Amino acid sequence: MAKLLALVLVMIGVSGTVFLARAQSESTTSAVEARHTGFEGILSALRQIDREAKAEQPDFATMASSNARLIELEAEIPSWFPPGSGPESGAKTTARPEIWTDRQGFVEKATASLAAARGLSTSVRTGNLEAIRDAERTLVKTCQACHHAYEYGNF
Ligand code: HEC
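What you see is a predicted model; the values in this text were computed from it and never measured. (Residues numbered from 1 in each chain as written. Predicted model: local features only at pLDDT ≥ 70, side-chain atom pairs only at ≥ 80, totals over all residues.)

Enquirer: Give me the lowdown on the overall build of the protein, citing residues and values where you can.
Expert: Secondary structure assignment for the protein yields 5 helices and 0 strands. For the protein, restricting intrachain contacts to residue pairs at least 6 apart in sequence, the fraction spanning at least 24 positions comes to 67%. (Helix = DSSP H or I, 4+ residues; strand = E, 2+ residues; numbered from the N terminus. Contact = placed C-beta atoms within 7 Å.)

Below is the structure:
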C-alpha cells in the first residue's frame with residue numbers, strides 16, 4: 001500500500017512537471033502567434049494606406065486611421081519578442097537569435113521604423129500624395145532594414 005501511494009505521488013509529481021512544461025511552451029507559442037498577428041496588422045495597415053494613396057479619390061480619413069493603427073502596432077514590436085520565444089523554442093518563427101543577443105540593435109531598428117511611421121502620418125496630414133508615397137518608401141526601408149538583420153525570411 002505504501003509502495004502504491006509512493007507510486008501515485010511520483011505520478012502526480014511527474015504530471016505536474018509535464019503540465020508546467022506545457023504551460024511554458026504554450027506561452028511561447030502564443031507570443032509567436034501574437035507577433036505574427038501583429039505584423040500582419042502592420043502589413044495590412046500599410047497596404048490600406050498605399051491603396052488610398054493610389055486611388056483616384058484618396059480617402060485621407062481612412063489613411064489617417066490606418067496610419068494611427070500602424071503607429072500603435074509599431075510601438076509594440078519590441079514587446080512581441082519575450083526571451084525564450086526565438087527559434088530555440090521550437091515554435092514556427094523566422095526570428096533570428098540576434099534579436100535577443102543584440103537587443104539594443106533590434107530596439108533601435110524598431111524605433112527607427114516607428115519614427116518613419118510617424119513621419120508618414122505627418123505627410124498624410126498635409127494631403128500631399130507625392131510626400132505620402134515618399135514617406136511610404138522611407139518606411140518600407142526601415143521594415144527591410146530590420147528584417148535583413150533580424151529575420152530569416154526574405155520579405
Ligand atoms: C524591429 C524589427 C522589425 C521591424 C521594424 C519590422 N519587422 Fe516585420 N518582422 C520582424 C521579425 C523578427 C519577424 C519574424 C517574426 C517571427 O517569425 O517570429 C517579422 C515578420 C513580419 C511579417 C510576417 C508575419 C507572419 O505572419 O509570419 C510581416 C508581414 C512583417 N514582418 C511585415 C513588416 C512590415 C510591413 C514592417 C514595416 C512597416 C515591419 N515588418 C517592420 C521584425 C521587424
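Enquirer: Explain the nonpolar core to me, and be specific about the residues and the numbers.
Expert: Ranked by internal contacts, the top residues of the largest apolar core, which has 23 residues, are L70, A117, L120 and L139. Of all elements in the fold, only α1 (2-54), α2 (60-76), α4 (103-126) and α5 (129-150) reach the threshold of two or more residues within this core. For this core, the element with the most residues is α4, which contributes 7 residues. With residues up to four places along the chain from it excluded, the contact list for A117 reads L70, I71, E74 and L139. (Core = buried A, V, L, I, M, F, W, Y, C linked by C-beta atoms within 7 Å. Buried ≥ 20, exposed ≤ 12 C-beta atoms within 10 Å, placed from the backbone.)

Enquirer: Which residues make up the site of the ligand, and what values go with them?
Expert: Around the ligand sit 24 residues, and of these F39, T93, S113, C143 and C146 come closest. Of all the secondary structure elements, the ones that give two or more residues to the shell around the ligand are α1, α4 and α5. The leading source of residues in the shell around the ligand is α1, at 8 residues. Residues belonging to the shell around the ligand are distributed by class as follows: 14 nonpolar, 6 polar and 4 charged. (Near = placed C-beta within 6 Å. Nonpolar A, V, L, I, M, F, W, Y, C, P; charged D, E, K, R; others polar.)

Enquirer: Run through the confidence of the model for the protein, naming residues and quoting values.
Expert: Across the protein, the average pLDDT comes to 88, with 83% of residues at 70 or higher. Across residues 4-21, confidence stays below pLDDT 50; counting only partners more than four residues off in sequence or on other chains, it has 0 contacts. (pLDDT = per-residue confidence, 0-100.)

Enquirer: I'd like to hear about α4, residue by residue, with values.
Expert: Since the α-helix advances by 3.6 residues per turn, residues separated by three or four positions end up pointing in the same direction. With 24 residues, α4 should reach 34 Å at 1.5 Å per residue; the first-to-last C-alpha distance of 35 Å fits that figure. Three or more residues of α4 are buried, namely F106, K109, A110, S113, L114, A116, A117, L120, S123 and V124. Taken together, the buried residues of α4 touch α2, α3 (98-101) and α5. Looking at the residues trailing α4, positive phi occurs at G127, about 75°. (Expected span 1.5 Å × (residues − 1).)

Enquirer: How would you explain the environment of R51 if you had to name every residue and give the values?
Expert: Looking at the element boundaries, R51 is found in helix α1. When the C-alpha positions of R51 and M63 are compared, they lie 8.9 Å apart, and in sequence the two are 12 residues distant.

Enquirer: Tell me about the packing of α2 against α4, and name the residues and values.
Expert: Axes are the key here: two packed helices are described by the angle between their axes and the distance separating the axes. Two numbers describe how α2 lies on α4: the axes approach to 9 Å, and their chain directions differ by 165°. What the angle tells us is that α2 and α4 run roughly antiparallel. Read as a crossing pair, α2 and α4 show a hand that is left-handed. Residue-level contacts link F60, M63, A64, N67, L70, I71, E74 and A75 of α2 to S113, L114, A117, R118, L120, S121 and V124 of α4. Looking at the contact of α2 with α4 residue by residue, the classes come out as 10 nonpolar, 3 polar and 2 charged. (Axes fitted to C-alpha atoms, helices over the stretch in contact; angles between N-to-C directions. Parallel < 35°, antiparallel > 145°, perpendicular 65-115°, else oblique. Left-handed = near helix turned anticlockwise from the far one by under 90°.)

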